[in-house]
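Summary of the model geometry
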Amino acid sequence: MRALVYHGAGKKDWESVADPEPVDPTDAVIRVDAVTICGTDLHILGGDVPEVPDGLVLGHEAVGTVVATGRSVGTVRPGDTVVVVGAGPIGLAAVTTARLFSPSAVIVVDPAEPRRRAAERLGAVAIDPAADDPVEVVRAKTGGLGADAALEAVGIPETFELCTALVRPGGRVANIGVHGRPATLHLETLWIRNVTITTGLVDTRTTPTLLRLLAAGQLDVSSLVTHRFRMADFLEAYDVFAEPGRTGALKVLVTAG
Ligand SMILES: NC(=O)c1ccc[n+]([C@@H]2O[C@H](COP(=O)([O-])OP(=O)(O)OC[C@H]3O[C@@H](n4cnc5c(N)ncnc54)[C@H](O)[C@@H]3O)[C@@H](O)[C@H]2O)c1
């Protein structure tokens, strides 16, 4: 069979390999038709929905992240002004799924122009933090109060701290980004603001709900899939995905054949 084989950091190849065989009694060889994997959220799509709409397969991974995070903490409520910091696939999925909860406005902060354009296509107002101060813009749009909900979708200390500055008193901050460095919790300003801060790792609890919403056409994530490849062009797919600044890639869909 053909397989993408890793030979260490940055070294991978599309090779002919021996067919897999069980070695230990607990091993299993399974054929997977459609799957999304992100840490703990393995869910095999096998007859859960009558047909898999284009864009569902890879879109689900990102959307699942946000529904899992948003739903479990009730981050977004009807009428909210929502700010999403970071407009990668995860942040854009946050924009899409935030709409399930009927916010009055969704504002996105991202320095990358193609990502801001993608957010605007989803109906969000986009802020370039290099050109405008997001805190000033959001306060100007909210009578000086700040956002009801701020979703962090980057994973660096600066953007977490920005979310805590963007949120209004009584508001909610949901951290989605994966952080590798400590961030400062500014209790000297936050202690009096009654904010709620939550974190979350995607899991499979919301997957059945997502599949129903996608199959019913109530959640459209097709615009998140920017490129399509056949399995034989897997290496090119990886290169395109690895350079979103050049390629404009969000989610890359690879199909068998
Ligand atoms: N919680 C979970 O279960 C879960 C699941 C999947 C991914 N994630 C995490 O979500 C985060 C986003 O994932 P992604 O795939 O969209 O990543 P990505 O790298 O494609 O997108 C990140 C975006 O953030 C923007 N950005 C960078 N610096 C910024 C700044 N200072 N202010 C505003 N925007 C800035 C970039 O321009 C980019 O558009 C990552 O940290 C990822 O690991 C979390």
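The sections below set out a description of the structure shown in this document. Remember, it's a predicted structure, so these values are computed and weren't measured experimentally.

Some thoughts on the site of the ligand
Near the ligand lie 23 residues; those nearest to it are Asp-110, Val-154, Ile-176, Gly-200 and Val-202. At 3.2 Å, a backbone N or O of Pro-89 approaches an oxygen atom of the ligand. One nitrogen or oxygen atom from the side chain of Arg-115 is found 3.0 Å from an oxygen atom belonging to the ligand. Contact with the protein chains hides 73% of the accessible area of the ligand, taken as 870 Å² for the molecule alone. The residue inventory of the shell around the ligand, partitioned by class, reads 14 nonpolar, 7 polar and 2 charged.

Details of the pattern of salt bridges
The final tally for this structure, using the stated rule, is 6 salt bridges. One salt bridge connects Arg-172 with Asp-80, and the closest N-O pair in it is separated by 3.0 Å. Of the two residues, Arg-172 sits in strand S9 (residues 167-175) while Asp-80 sits in the loop between helix H1 (56-73) and strand S5 (81-85), which places them 92 residues apart along the sequence. Comparing Arg-172 with Asp-80, the two get one shared label, buried. The residue Arg-117 makes a salt bridge to Glu-113 at a minimum N-O spacing of 2.2 Å. Placement of both Arg-117 and Glu-113 in helix H3 (residues 113-121) is noted, with a separation of 4 residues, approximately one turn of the helix. Taking the relative accessible area as the measure of exposure, Arg-117 reaches 31% and is therefore partly exposed. Through salt bridges that share partners, Glu-113, Arg-117 and Glu-120 make up one connected network.

A short note on the sheet that holds strand S10 (residues 196-199)
Read across the open sheet, the 6 strands follow the order S7-S6-S5-S8-S9-S10; overall the sheet is parallel. At either margin of the open sheet sits one strand with a lone partner, and together these are strand S7 (125-127) and S10. On average, each strand axis in the sheet is inclined to that of its neighbour by 20°, with strand direction left out of account. Sheet topology places S5 next to strand S8 (residues 147-152); 4 bridges connect them, and they run parallel. Pairing of Val-84 across the sheet is with Leu-151, part of S8. In the packing of helix H2 (residues 89-98) onto the sheet, contacts are made with S5, strand S6 (105-109) and S8, and the angle to S5 comes to roughly 165°. Its contacts with the sheet place helix H5 (residues 157-166) against S5, S6, S8, S9 and S10, and it is angled at close to 150° to S9.

What counts and how
- Residues numbered from 1 in each chain as written.
- Predicted model: local features only at pLDDT ≥ 70, side-chain atom pairs only at ≥ 80, totals over all residues.
- Heavy atoms only, no water.
- Near = heavy atom within 4 Å.
- Polar contact = N/O pair within 3.5 Å; in protein donor to acceptor, adjacent residues only side chain to side chain.
- Areas by Shrake-Rupley, 256 points an atom, 1.4 Å probe, with all protein chains shown as cover.
- Nonpolar A, V, L, I, M, F, W, Y, C, P; charged D, E, K, R; others polar.
- Salt bridge = Lys/Arg side-chain N within 4 Å of Asp/Glu carboxyl O.
- Helix = DSSP H or I, 4+ residues; strand = E, 2+ residues; numbered from the N terminus.
- Buried < 20%, exposed > 50% of the residue type's maximum accessible area, 1.4 Å probe, protein only.
- Pairing = 2+ DSSP bridges.
- Axes fitted to C-alpha atoms, helices over the stretch in contact; angles between N-to-C directions.
- Contact = heavy atoms within 4.5 Å.

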